[in-house]
Amino acid sequence: MARWLSMDLRPSPDQIRESPPRRIPFLLDTAQVAAATAALESAIVHGRRPIDSLKMRRVDSSDSDSSDDDVSGHPKDRHHGYPLIESLEAGDARLFLVSGLPPSVPGLTDARQGDGVYRLSDVQLNPWILKGDTETFAGPCELTNETTQTWVTRLKITTKLVGLSKQQLHEQNLEQWFSEVAGQPLEQLLVVACSFSDAIWSDANISLMLTVFDTLVDVLFNIQDLPFSRSGEVAGIVNKMVNAFEGVIHGTSNGIGSSKESTVHPATFVLIQVLEFFCRNRDMVQSILESGDYNTGPCSDMVNCLISKLKACAETNFQEEGKKYIFVLNNIYYVLQKNCHPGLLPPSVMSNLVSLADQYVVSYLHEYWSPPMLSYLDGDSLTKPRRSSMDKFMKIFFSICDRQMTWKVQTTLKEKLREEIVKLIVPKYVKFLEALQESKSSQSTSWVKGMWRARSENPVYTAAQLEQVIRGLFER
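Residues numbered from 1 in each chain as written. Predicted model: local features only at pLDDT ≥ 70, side-chain atom pairs only at ≥ 80, totals over all residues. Heavy atoms only, no water.

### Description of the packing of aromatic side chains
Step number 1: Summed over the entire model, instances satisfying the criterion amount to 20 aromatic pairs.
Step number 2: Geometrically, the ring pair formed by Y368 and W407 is edge-to-face, given 6.0 Å between the ring centres and 80 degrees between the ring planes. A residue pair is termed long-range when its members are at least 10 positions apart, and Y368 in helix 10 (residues 347-368) and W407 in the loop between helix 12 (387-404) and helix 13 (411-441) qualify at 39 residues. Each of the two residues, Y368 as well as W407, counts as buried. (Phe/Tyr/Trp six-rings, centres within 6.5 Å; stacked < 30°, edge-to-face > 60°. Helix = DSSP H or I, 4+ residues; strand = E, 2+ residues; numbered from the N terminus. Buried < 20%, exposed > 50% of the residue type's maximum accessible area, 1.4 Å probe, protein only.)

Here it is in structure tokens:
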């Protein structure tokens, strides 16, 4: 693995190797550190678990009529999760051999630098503790399941040992020595976290990205309140992680292959997984972002990013305006469908997304089911109803129905569109029929029979028959 060190992030040698104080009243018990490390490594590795995404990686969104349980998972639908640092147990390990009392107390016994190890970074032959010479992350191309697990284990063990050091020094009234003991591993945790958050990620490695970012949030949450010089940088790193997720959504290809209105865009799959990430880590992410005065509602930004991506894709792949609307709506409803799992979308984001979907429905209705078609049932046509107006209406109506009968639409969206079309068309059709009946009643005692024998050979549909046609719209 290549080294990644940013000049503005790497601590200077003076910072990490300054001369130790003259009196150090303890030493690290390297055997106990090794025992703690072994216990932590075992807990991390054996605690690994698969996390399945709520999303179904299908090209065709119309397949949503079937249940999620009937779908075999795509490799990108799953990533691995590891135990939270807080839950890790290091056994009964006591990391320090205390050789005296704090400096202010008479009778202190010296433990000078040459007498043993007192820094975590000086513990030899322990590959799980991050140190100044630890190789850092070069980029997603180097990650496999094995190397990802190695990074996760290093990050969590280092963070846990740093936390144990703080706790046990506090118990011995030696907390003033914490920066000496754990300063360099803390610095290196930030260096490694920055290397991950600054990397260029793509949807091709989203599963490994999620595993790493779950770990980074856990690490940064656990160190954000520790006393070290760069603790203020923690929130900025999490904010860069948020930007990295947004970059993945932006970077997905707009080439959707089949160019069907039912296609679920790759960016939609990514969004579902990113929303799940924020749902799993919401409390930690918000706590960290708040400490740096960053935007604490990243889910809204992610959804806006997706909508922008979908609009661009629709313009690129569809000529017909209506199919552009249906494509965007299918993807929005795919996300809304997943929100049946509590907590995926914050309430405000959910409300905004529903409002946006409603706007697209209105645009679709205006594109196809409003003027000029309705002008044959309304206005002057209603004042002076003629059979020819009905014929013109029916010709346009069936032309639209024939074209859209095979469009594939999300199940919930399908019902929504049918209902809206019925509400828009059928009441006006009923009024027109009534007006036409009144007009014909003065000329014939059986207006319907007369209409069937009129110059027009087209049948007259009842309102119920017209509604039945509408409710058959879109592929079943």
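### As for the packing of helix 8 (residues 298-317) against helix 9 (residues 321-338)
Step number 1: As a packed pair, helix 8 and helix 9 sit with axes 9 Å apart at the nearest point and diverge in direction by 150 degrees. One element, helix 8, and the other, helix 9, form an angle in the roughly antiparallel class. Classified by chirality, the crossing of helix 9 by helix 8 is right-handed. Only K324, F327, V328, N331, I332 and V335 of helix 9 make contact with helix 8, whose side of the interface consists of L306, I307, L310, C313, A314 and E315.
Step number 2: For the contact of helix 8 with helix 9, the per-class residue count stands at nine nonpolar, one polar and two charged. (Axes fitted to C-alpha atoms, helices over the stretch in contact; angles between N-to-C directions. Parallel < 35°, antiparallel > 145°, perpendicular 65-115°, else oblique. Left-handed = near helix turned anticlockwise from the far one by under 90°. Contact = heavy atoms within 4.5 Å. Nonpolar A, V, L, I, M, F, W, Y, C, P; charged D, E, K, R; others polar.)

### Considering helix 6 (residues 234-251)
Each full turn of the α-helix corresponds to 3.6 residues, which orients residues three or four apart in the same direction.
Step number 1: Between its first and last C-alpha atoms helix 6 spans 26 Å; for 18 residues at 1.5 Å apiece the expected length is 26 Å, and the two agree.
Step number 2: Those residues of helix 6 that sit buried are V234, A235, G236, I237, V238, N239, M241, V242, A244, F245, V248 and I249. (Expected span 1.5 Å × (residues − 1).)

### As for the pattern of salt bridges
A side chain of one charge can pair with a side chain of the opposite charge if their charged atoms are brought near each other.
Step number 1: Applying the stated criterion to the full structure yields 22 salt bridges.
Step number 2: Notably, a salt bridge pairs D218 with K156, separated by 2.6 Å at the nearest N-O pair. Here D218 is found in helix 5 (residues 206-223), whereas its partner K156 is found in helix 3 (residues 145-171), with 62 residues between them in sequence. We note that D218, like K156, is buried.
Step number 3: We note a salt bridge from D378 to K428, for which the minimum N-O separation is 3.0 Å. Placement of the pair is D378 in the loop between helix 10 and helix 11 (380-383) and K428 in helix 13, with a sequence separation of 50 residues.
Step number 4: According to the relative accessible area criterion, K428 is partly exposed, its value standing at 26%. (Salt bridge = Lys/Arg side-chain N within 4 Å of Asp/Glu carboxyl O.)

### Description of the side chain of N126
Step number 1: Structurally, N126 can be placed in the loop between strand 4 (96-98) and helix 3.
Step number 2: Take N126: its relative accessible area is 7%, and that puts it in the buried class.
Step number 3: A polar atom in the side chain of N126 sits 3.2 Å from the side chain of T37.
Step number 4: In terms of polar contacts, N126 uses its side chain to reach the backbone amide nitrogen of W128, at 3.1 Å. (Polar contact = N/O pair within 3.5 Å; in protein donor to acceptor, adjacent residues only side chain to side chain.)

### Remarks on the confidence of the model for the chain
Step number 1: Put simply, the chain has an average pLDDT of 83, and 82% of its residues get 70 or more.
Step number 2: For the stretch residues 15-22, pLDDT sits under 50, and the model shows 15 contacts to residues farther than four places along the chain or on other chains.
Step number 3: Confidence drops under pLDDT 50 across residues 100-115; counting only partners more than four residues distant or on other chains, this segment forms 28 contacts. (pLDDT = per-residue confidence, 0-100.)

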